[in-house]
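# Breakdown of the fold
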Amino acid sequence: DAKTTQPPSMDCAEGRAANLPCNHSTISGNEYVYWYRQIHSQGPQYIIHGLKNNETNEMASLIITEDRKSSTLILPHATLRDTAVYYCIVRVADGGGADGLTFGKGTHLIIQP
Amino acid sequence: NAGVTQTPKFQVLKTGQSMTLQCAQDMNHEYMSWYRQDPGMGLRLIHYSVGAGITDQGEVPNGYNVSRSTTEDFPLRLLSAAPSQTSVYFCASISRGRLYGYTFGSGTRLTVV
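Figured I'd write up the structure that's included with this text. (Residues numbered from 1 in each chain as written. Chains lettered and ligands numbered in written order. Predicted model: local features only at pLDDT ≥ 70, side-chain atom pairs only at ≥ 80, totals over all residues. Heavy atoms only, no water.)

## Considerations on the overall build of chain A
The line we're drawing: Every helix listed is a DSSP run of H or I at least four residues long, and every strand listed is a run of E at least two residues long, numbered separately from the N terminus. Both definitions apply: the radius of gyration is a C-alpha atom measure, and the globule rule equals 2.2 Å times residues to the power 0.38. Think of it in three bands: with a 1.4 Å probe and only protein chains considered, a residue is buried below 20% of the maximum accessible area for its type, exposed above 50%, and partly exposed in between. Contacts between residues were defined by any pair of non-hydrogen atoms, one from each residue, lying within 4.5 Å. Positive residues here are Lys and Arg, negative ones are Asp and Glu, while His and the chain termini are left out of the count. Here the site of a charge means atom NZ of a Lys, CZ of an Arg, CG of an Asp or CD of a Glu.
Summing up its helical and strand segments, chain A has 0 helices and 9 strands in all. When its helices and strands are written in sequence order, chain A yields β-β-β-β-β-β-β-β-β. Its C-alpha atoms give chain A a radius of gyration of 13 Å, within 12% of the compact-globule value 13 Å for 113 residues. The buried share among the 113 residues of chain A stands at 45%. Within chain A, counting contacts between residues at least 6 apart in sequence, those at least 24 apart form 58% of the total. Computing the positive centroid from 9 side-chain charges and the negative centroid from 11, chain A places the two 4 Å apart.

## A closer look at unusual backbone geometry
With an omega dihedral of -5°, the bond running from B:Thr7 to B:Pro8 counts as a cis peptide bond. If you trace the backbone, B:Pro8 turns up in the loop between strand S1 (4-7) and strand S2 (10-13). A positive phi angle, close to 70°, is found at A:Ser41, a residue other than glycine. By secondary structure assignment, the location of A:Ser41 is in the loop between strand S3 (31-38) and strand S4 (45-50). We classify A:Ser41 as partly exposed; its relative accessible area is 37%. Positive phi values are uncommon outside glycine, yet A:Arg68 reaches one of about 65°. Note on placement: A:Arg68 falls in the loop between strand S6 (61-64) and strand S7 (70-75). Using a relative accessible area of 9% as the deciding quantity, one classes A:Arg68 as buried.

## Re the nonpolar core
The tendency in soluble globular proteins is for nonpolar side chains to be buried side by side. Here is the rule we go by: Nonpolar core, defined: a set of buried Ala, Val, Leu, Ile, Met, Phe, Trp, Tyr and Cys residues in which side-chain atoms within 4.5 Å join the residues together.
Among the nonpolar cores identified, the biggest contains 21 residues, and A:Trp35, A:Leu73, A:Tyr86 and A:Leu109 are the most heavily contacted of them. Residue assignment for this core shows that the elements contributing at least two residues are strand S2 (18-23), S3, S4, S6, S7, strand S8 (84-92) and strand S9 (107-112) of chain A. Examining the composition of this core, we find that 4 residues originate from one element, S8(A), more than from any other. Here A:Leu109 is in contact with A:Met10, A:Cys12, A:Ala18, A:Leu20, A:Leu75, A:Asp82, A:Thr83, A:Ala84 and A:Tyr86, once residues within four sequence places are set aside. Within the second largest apolar cluster, 19 residues are counted, among which are B:Val4, B:Met19, B:Ile46 and B:Leu110.

Function-wise, these values are silent; they only describe arrangement.
Written as structure tokens, this is what we have:
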């Protein structure tokens, strides 16, 4: 799996958009970008994933650059409950479930009231 | 509610004791895996399974055994607990189609004294 780089921490004001960057310059053509988050003491929660097109669901939007070397997770209207560690993970989607996920240290996002 | 259930939530063991951490899922997921998370760190893969009767090692398998006799259950056994195994343990599952990412349990906090 390709290596990812994320800032260790970020702050965002409540109600504003939180933009979390991730660099994955060695990503392969068949690797997807996945985002998970972990709220304190809980199990990680899947947020969104994408290959090369931008994706949006009820939780967030994922913007992937055209060269696919970086991406940004956007939480459009951050709330205090979005305070968590956010993990960006790059891996093959199909046939790779056998070997689980490789977690880095992620970005600790703190939403300020 | 459908999901991944882990028991117990908390456990204290003495060095040398053995125990089994239970993990059950009711989503008919083929893939299941176990992770440990040490303070301030990301999750690390211990063992995984791609289906009943099939298991394999992850990044940190030493000191742990697993078996998968049914699709629903994937217990993790500590044969002789050591203080270095003090950690939070998470179980996760995903369907072979892997459309929406892994579902994680709420974790077992284990302390070995």
